[in-house]
Amino acid sequence: MTDTSIPARSRSAFLASEDWWAVWLGLFIFALGAGRIGDVDLLGWVPKFGVWMDPVKAVAANSPAFSWLGGAGTVIAAYFFVLLLTTIGAWFMGARIKRFIASFSILYWLTIGANILGNYAYLAATPDKRAAFHITWSLSLGELGFVFALVAGLIIGNFFPSAARFLSVAARPEWYIKTGIVILGANIGIQAISAMSLAGTVIVRGLCAVVEAYLIYWPVVYIIARKFFHFTPEWAAPMASGISICGVAAAIATGSAIRARQIIPAILASVIIVFVAVELLILPFAAAFFLSGEPMVAGSWLGLVVKSDGGAVASGAIADSLIRSQVLEQTGIAYQEGWILMATTTAKVFIDIFIGVWSFILAVVWSVWHLSSRDGVSRPAGSVSKREIWDRFPKFIIGFVGLLAVVFFSGLVRPDLIAGLKAGAGQANLIRTIFFGLCFFSIGLVTNVRKLWHAGLGRVTGVYAVALLGFIIWVGLGISWLFYQGIVPPAI
Amino acid sequence: MASELTSHRLPQADEYYYKQTNNHITPRDNEIETGADAGAYFPLQPIEKKLCAYTFGLGIILLFIFVIIFKVL
C-alpha cells in the first residue's frame, strides 16, 4: 500500500521521470517551431482554436499552407502527434502502453471538445468581436475551454469511478502542465525582448514574493498543524509545505527530506488535489472580479495561493483570459496576452526551485534534532548529501529557463531572428494549449470530492481549510499587492 | 522504503494521483495512519519553536527590506 513508485523501463533518471520528459517534449516541440527561422513550416498543421458561431470555423490549421487539412484534419493530426510523443514518454516511465493509448485518446478528444465548446461566441466573444459574429451580447468570458475540461474531468472522476480508473493511466496533470510550462518559456523569452524592463520586474519581484510567502506561510501552517490539530512533526512538516504553498510536489519533497513514511504525502495528496480543484474553480474568477484593475497582482496572487504547478498555472491561464476580456470591455484597453500568466508561472517556478532549498534545510534540522518522535531516536535520521538537492530539483525548470534564455538572447543578439522565433514560439504555443487542456481535464479526473468526504481525513482537511481561508489567501494577496501594485501588462 | 525516496528517482506527484484514483489508499488506511499519529503526539519542542520563529522573523524583516527597495528605489 505504501509503495508509491511505478517501475520505470529505464534506469536513467533522464528517461524515467515526468520532469525530464516534460523537458524533452517541450524542447522537441519548440525545435520544430523554430524551423520558421529558416522558413520551414513544420508546425503549420497545428490546430488553432478560435471563437465561433459556425462550428466549421471553430478550428483551423494555423498556417494557410495547411488549410487543405480543414478543422477536423488538424485536430486529427495533432492527436497522432501528441499521442506519439506522450506514448514514448509513458513507455519509458513504465505505463501499460495499450491502456495508455486508449485512455489518452479519450482524454484528448474530450479536451478538444471542451476547447471548442469554450470558444462558442456567446460565451467567449469580447465586445469588439460581437459585430463580426452578428451577435448583440456575449458573456465575454474569454476562452472557457479550460474550465469546461476541468468540469468534465470532475464529473467523470466523481460520478463514474470505473471510467476514472480506466482513464487514470493517462491522467497525468503534472507531466502535462510541466511540458506546457517548458514551451511557455519560449513565449516568455519572446515577450521579454519587446518589454525587457517589465519582464525583469516580474522576474525579480516574483522571486522576492516567493521567498516572502514561503517564509511566512510555512511556520504558521506548521504551528497550526502541531499546536491546534495535534499532528506530530512527521505529519506537520510535509503538511506545512504542501498546504502552505507548493502542493503535492512539496509534500513529497519534504516528506522525503525528513524521512517521513511514504504514506503521509500520499494521504496529503488526496486532500491537496481536492482543494486545488476548488481553488481553480473559484479563485481565477475572484481575481478577475476584484483585481481586474491590478492584473499583475492577480497573476502573482494565484501563483502564491493555488497549490500544485498544474493548479496554479491553470488558474493563471484562466485569469489571463478573463481579465483581458474584462478590461477590454470596461476600458477599451487590450492587454497583451500572457503577462498575467507569466506572473503566475514565475511565482510557481521560483516556488519549485525553493522547495529543494527548503527541503535541504529541513533535512539538516531533522537529521540533527530527530524531530519525528518524542524521544528523537526512534527513526534513523540518515545523512544529508548535496546530491539530494539535485535529486529534488524540479528538472522541468531547466527546460523552461533554458528555452527562455535561448530565445531571449538569440533575439537580443540577432534581431533578424525575432520574426522567425516569434512565429515558431507561437506555433509551439498552440500545442502548449493542448497540454494545458489535458492538464485541466486530468486535474478534474483525479479529484474525488466524494471520496475525500468519506476518507476520514477531517483533521488534515481542517488544517488546510483554516490555513487557506484564514491566512494564506490574505497574506498572498497582501504580498502580491505590495510587490506588483501599479504594474500593468503592455497594451496592444 | 526511505532509501527509495532518496534514490535517483523520486516518486512523482502523478503517481500519487494514480494511486488515489485506483483506490490503493483506502479510508481504513487513512484512519489507521492518522489514528496512530494521534497517539504519538507530543507538544512543540524548543527547536521547532526556534525554527518557526526564525523563519517567520526572517520573512517579516525581508518583507520590509523588499518593500523599501521596491517603493524607494
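Since this is a predicted model, take the numbers as computed values, not measurements.

Residues and elements named next belong to chain A. One pass over the structure, following the stated rule, counts 34 aromatic pairs over all chains. Aromatic pair Y122 and W137: ring centres 4.8 Å apart, planes at 35°, arrangement tilted. Pair noted here: Y122 is in helix α5 (residues 121-124) and W137 is in the loop between α6 (130-133) and α7 (145-159), with a separation of 15 residues, a long-range link. When its relative accessible area of 23% is taken as the criterion, Y122 is described as partly exposed.

What follows concerns unusual backbone geometry. Most peptide bonds take the trans configuration, and most residues that are not glycine carry a negative phi. Residues and elements named next belong to chain A. Even without a glycine there, the phi angle at H134 is positive, about 60°. Summarising the element assignment, H134 is placed in the loop between α6 and α7. Of note in the backbone geometry, H230 takes a positive phi value of approximately 55° without being a glycine. With respect to the helices and strands, the residue H230 is situated in the loop between α10 (196-228) and α11 (233-257).

Turning our attention to a nonpolar patch on the surface. Residues A:V151, A:I155, A:F159, A:F160, A:V278, A:L281 and A:I282 make up a contiguous nonpolar surface patch of about 610 Å² in total accessible area. Elements supplying a minimum of two residues to the nonpolar patch: α7 and α12 (263-290) of chain A.

The subject of this paragraph is the environment of A:L281. Residue and element names in this part refer to chain A. Structurally, L281 can be placed in helix α12. Considering only alpha carbons, one finds L281 and I318, 37 residues apart in sequence, at a separation of 9.7 Å. Leaving out residues up to four positions away in the same chain, L281 has contacts with V147, L150, V151 and L154.

Across soluble globular proteins, nonpolar side chains show a tendency to be buried alongside one another. Residues A:Y176, A:W218 and A:F483 are the most contacted members of the largest nonpolar core, which totals 191 residues. The leading source of residues in this core is α10(A), at 18 residues. If near-sequence neighbours (up to four positions away) are discounted, A:W218 is found in contact with A:A213, A:A237, A:A240, A:S241, A:S244, A:W358, A:L362, B:L51 and B:C52.

Residues and elements named next belong to chain A. Relative to the elements of secondary structure, S241 occurs in helix α11. By relative accessible area, S241 is classed as buried at 0%. In this structure the side chain of S241 is engaged in a polar contact, spanning 2.7 Å, whose partner is the side chain of T254. Discounting residues that sit within four places of it in the chain, S241 has contacts with Y214, W218, C246, G247, A250, T254, W358 and L362.

Reading guide: rules and limits
- The numbering scheme is per chain: residues are counted from 1 as the chain's sequence reads.
- All chains are assigned letters beginning with A, and all ligands numbers beginning with 1, in the order in which they are written.
- At least 70 in pLDDT is required for a residue's local features to be given in this predicted model, at least 80 for side-chain atom pairs to be given and counted, and no such filter applies to totals for whole chains, interfaces and linings, which use all residues.
- To obtain the side-chain values, all non-hydrogen atoms of the structure were included, while hydrogens and water were left out.
- Centres within 6.5 Å are what make two rings of Phe, Tyr or Trp a pair, Trp counting through its six-membered ring; a difference in plane orientation under 30 degrees is then read as stacked, over 60 as edge-to-face, and the rest as tilted.
- A helix here means a DSSP run of H or I that spans at least four residues, while a strand means a run of E at least two residues long, and both kinds are numbered starting from the N terminus.
- Relative accessibility decides the category of a residue: with a 1.4 Å probe and only protein chains considered, values under 20% of the type maximum give buried, values over 50% give exposed, and everything between is partly exposed.
- Note on patches: the residues involved have over 30% relative accessible area and no salt bridge, like charges join within 9 Å, and the nonpolar side chains Val, Leu, Ile, Met, Phe, Trp and Tyr join within 5 Å.
- Throughout, the Shrake-Rupley method with a 1.4 Å probe supplies accessible areas, and for residues the shown protein chains are the sole cover considered.
- Here a salt bridge means any side-chain nitrogen of Lys or Arg lying within 4 Å of a carboxyl oxygen belonging to Asp or Glu.
- Contacts between residues were defined by any pair of non-hydrogen atoms, one from each residue, lying within 4.5 Å.
- By nonpolar core is meant a set of buried Ala, Val, Leu, Ile, Met, Phe, Trp, Tyr and Cys residues that side-chain atoms within 4.5 Å join together.
- Any pair of N or O atoms that falls within 3.5 Å is considered a polar contact. Within protein, one atom must be able to donate a hydrogen and the other to accept it, and sequence-neighbouring residues count only if both atoms are side-chain atoms.

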